Amino acid sequence: MEKETHKGRCRCGAVAFEVTGPPKWTANCHCADCRKSTGAAFASFAGYEWKNVAFAKPADTYPSSPGVKRHFCAKCGSPIAYEGERWPGEIHFFVGAFDEPDLFPPEKDGNLDEKLAWVHVNTKSR
């Protein structure tokens, strides 16, 4: 039986990755650091264990805060993933970096205490 795989890349294609299997979790993050890193009101992630990840073309990294690395494309600037010491052995891909982002609907929302006032979260549907 062939394992489920999903591919992703940055906008220009200089960074490319593939993940195997379903994500451990999916979520929206409403923290200020994610807003600054993406330029969006919140970030949507799919969490994978590193053992299920392969970079065909690796991303650059930036230490955005203590214990945190942000993966991005140095050529086009696209954010690719988040990696934090709080989750050893995991990498959290921005859902928008996947070729088929519709396959990764968020299961929950995190850091709601930092969300923007005009963002409405439907917690009843989850």
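It should be noted that the structure appears before, not after, this text.
Source: prediction; values computed, not measured. (Residues numbered from 1 in each chain as written. Predicted model: local features only at pLDDT ≥ 70, side-chain atom pairs only at ≥ 80, totals over all residues. Heavy atoms only, no water.)

### Some points on the pairing of strand E3 (residues 25-29)
Here's step 1: Burial analysis of E3 places 5 of its 5 residues in the buried class, which makes it a mostly covered element.
Here's step 2: Relative to strand E4 (residues 43-49), E3 is paired through 5 bridges, and the arrangement is antiparallel. For Ala27, the partnering residue across the bridge sits in E4 and is Phe45. (Buried < 20%, exposed > 50% of the residue type's maximum accessible area, 1.4 Å probe, protein only. Helix = DSSP H or I, 4+ residues; strand = E, 2+ residues; numbered from the N terminus. Pairing = 2+ DSSP bridges.)

### Some points on the pairing of strand E2 (residues 16-20)
Here's step 1: As paired strands, strand E1 (residues 5-9) and E2 are joined by 5 bridges and run antiparallel to one another. Bridged to Thr5 within E2 is Thr20.
Here's step 2: Adjacent in sequence and paired antiparallel, E1 and E2 are bridged by 6 residues, among which Gly13 carries a positive phi angle near 90°.
Here's step 3: Looking at chain direction, E2 and strand E5 (residues 53-57) are connected through 4 bridges and run antiparallel. When the bridges of E5 are listed, Phe17 appears paired with Phe55.

### With respect to the state of the cysteines
Here's step 1: Summed over the entire model, instances satisfying the criterion amount to 0 disulfides.
Here's step 2: Take Cys12: it sits in no disulfide, and the sulfur closest to it among the cysteines is that of Cys10, at 3.7 Å.
Here's step 3: Judged by its relative accessible area of 37%, Cys12 falls in the partly exposed class.
Here's step 4: Here Cys34 stays free of any disulfide, with the sulfur of Cys29 as its closest cysteine sulfur at 3.7 Å. (Disulfide = S-S within 2.5 Å.)

### A few points about the layout of surface pockets
Here's step 1: For the largest pocket, the calculated volume is near 400 Å³.
Here's step 2: Lining the largest pocket we find 19 residues, and of these Cys29, Tyr82, Arg86, Trp87 and Asn111 sit closest to its centre.
Here's step 3: Listing elements by their share of the lining of the largest pocket, those giving two or more residues are E3, helix H1 (32-38), strand E7 (68-72) and strand E10 (108-110).
Here's step 4: Here the lining of the largest pocket gets 4 residues from one element, more than from any other, and that element is E3.
Here's step 5: Looking at the lining of the largest pocket residue by residue, the class counts come to 9 nonpolar, 5 polar and 5 charged. (1 Å grid on protein atoms, 1.4 Å probe; cavity = no way out; pocket = protein on both sides within 12 Å on 5 of 7 lines; lining within 4 Å. Points joined across faces, edges and corners; volume = space filled by probe spheres on them. Nonpolar A, V, L, I, M, F, W, Y, C, P; charged D, E, K, R; others polar.)

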